[in-house]
Amino acid sequence: MSILVRFNMMECRGVSTPLDNSIPIRKKDCLTTDKEKDDMKHVPYRELIGSLLYFANSSRPDTTFAVTKLAQFCSNPGERHWQAAKHILRYLQANKNVSLIYKRGSDDILEFSDSDGANDIDVRRSTSGSAVTINGCLVSWRSEKQNCVSLSTMESEYIAFAQTTKEILWIAQILENFKCLTDASRPITIFCDNRATIEFSKNNIENNMSNYIDILYHYIREKVNSGDIHVNYISTNDNLADIFTKGLKKTAHQNACAAMNCLDTGILPGISKPQLIAQQNKLKRIIGWIFRLFYNCRKPLQKEKSGALSLEEIETSFNRIIRCAQQEDYYIDFRQIEALQPLSGKSPSKNLNPSLDKGGLLRAVQQLMGNLPASRINWTRPFTKKGIDFAEPKRLIVGKYKLTFEEITTVLTQIEACLNSRSLCPLTDDPEDLTALTAGHFLIGMTLTAVPSLVRESSSSLKGRWQLVEQIKTDFWKRWSCECFSRLQNRPKWLEPVENIKIGT
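These remarks concern the structure in this document. Computed from a predicted model, the values in this text were never measured in an experiment.

1. Comments concerning the nonpolar core
- Formed by 47 residues in total, the largest nonpolar core has its most connected members in Ile3 and Leu89.
- Those elements giving two or more residues to this core turn out to be α1 (2–6), α3 (45–58), α4 (64–70), α5 (79–94), β1 (98–100), β4 (137–145) and α9 (250–259).
- If we ignore the near neighbours within four places in the chain, the residues touching Ile3 are Leu48, Ser51, Leu52, Phe55, Leu89 and Leu92.
- If you look at the next biggest cluster of nonpolar residues, it comprises 20 residues, including Ile188, Phe200, Val224 and Ile229.

The following block contains the structure:
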């Protein structure tokens, strides 16, 4: 993950939970002396919390409570707060492949509400947590400190319940505008683990134990009476919002992540290659429709796009997927190239002389003797372009053999296949796997292989034009296979960019 690279935590030891419950996070751990403030002046605490908030609010709800808890101390963080923030990075190190999993199904909307009951030892305010699921998939979550001090557990739960009600009705209104919510989905079910809160939301009778609750939070009663929402009880162990109100132990944290479909994609059941390709094509179109929505929201009605996605929109979404994946795996390389700095010696892509194209994609460009045409360097479907680059001899002679145009075209194509079959790096870390990444993977998506032909060892007495072409190809392959790994595989002059040879020099 790029955040681990940015804060130099790539080799840290992983942990099982984002927050260490044995170490309390308190306000008295903030800095008090000038010496402590000078020591923490250069610690990137705010930068780290900002990056973690982006992860927590976009795709990692399992870290939301820990990050929002530490975000309260951005104005004056102490050493203990900094160690707790790095503890979250250690959790991300152990759970790099965790992400939200979404599936297709019904449009059932469920809301979960919870409160921790004034566990903040500094100001004794409660933390409200909520989680919204559609078809069992988490789509919205929240963890925030309440604005007032609650005088009872029921009151803190009731305040969290009122905030949860406003949020779920807002989401339902958005779904209705997109015609994704039917009348069958009404009323919307909200789960709460406090029976007193459930009964109080249905009862309009005030007493000495509840008359101090602000009328602002009685909004929930109106929605219950109107039939917009329905309140059900759920145990604390099954409440999905419990993870957003407090730090859980290992087993409870893992169960909550499983309930949210926040799973490790590296241990999911195996997916066949056709299914993987189908999912990639589906992902390209989903992102394409999202970009279409952004475009139509920003443009006047007359310029809105409609109908099926165009090839340009699909290609744009595919490039965005590639860019996100490259920035995730080559974060340092991206930053050095953007700053026009040479790549570090430890960079795995230094030998490929990478550069950024106009679309912001990382491209591997080797030093060439001249500029290739656009049809050779721009990505297209395999074999849509054909021809010969820099191979238009006036005399069609190879060595001592005189060939026709079709024969020399075949020879040059076979030689190009030989050149593109060289190995660049292993495909896997398995020592028993002998497959390697080749230049052919960037052309057709797989290794360029051909069944070898049986050609007798002879030079001039060969009969048949095809045998002659095969003999030329075999002679070239014998020399290429012997010299490639010993002299041509890693040329020192390609480690640094140099100017191409110009015509006329």
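2. Points about the pattern of salt bridges
- On inspection of all chains with the given rule, the structure shows 15 salt bridges.
- Glu313 is the salt-bridge partner of Arg292, the closest N and O atoms lying 2.8 Å from each other. Placement of Arg292 in helix α10 (residues 273–298) and of Glu313 in helix α11 (residues 311–329) is noted, with a sequence separation of 21 residues between them.
- Between Arg335 and Glu338 there is a salt bridge, and its shortest N-O distance comes to 3.2 Å. Note that Arg335 and Glu338 are positioned in helix α12 (residues 331–338) at a spacing of three residues, about one turn of the helix.
- Look at Arg335 and you get partly exposed, because its relative accessible area is 39%.

3. Some words on empty space enclosed by the protein
- Counted according to the given criterion, the structure contains two cavities of 30 Å³ or more.
- Of the pockets and cavities examined, the largest cavity occupies roughly 80 Å³.
- Lining the largest cavity are 13 residues, with Pro18, Lys246, Gly247, Leu248 and His253 positioned closest to its centre.
- The residue makeup of the lining of the largest cavity, split by class, is six nonpolar, five polar and two charged.

Conventions we followed
Residues numbered from 1 in each chain as written. Predicted model: local features only at pLDDT ≥ 70, side-chain atom pairs only at ≥ 80, totals over all residues. Heavy atoms only, no water. Core = buried A, V, L, I, M, F, W, Y, C linked by side-chain atoms within 4.5 Å. Buried < 20%, exposed > 50% of the residue type's maximum accessible area, 1.4 Å probe, protein only. Helix = DSSP H or I, 4+ residues; strand = E, 2+ residues; numbered from the N terminus. Contact = heavy atoms within 4.5 Å. Salt bridge = Lys/Arg side-chain N within 4 Å of Asp/Glu carboxyl O. 1 Å grid on protein atoms, 1.4 Å probe; cavity = no way out; pocket = protein on both sides within 12 Å on 5 of 7 lines; lining within 4 Å. Points joined across faces, edges and corners; volume = space filled by probe spheres on them. Nonpolar A, V, L, I, M, F, W, Y, C, P; charged D, E, K, R; others polar.

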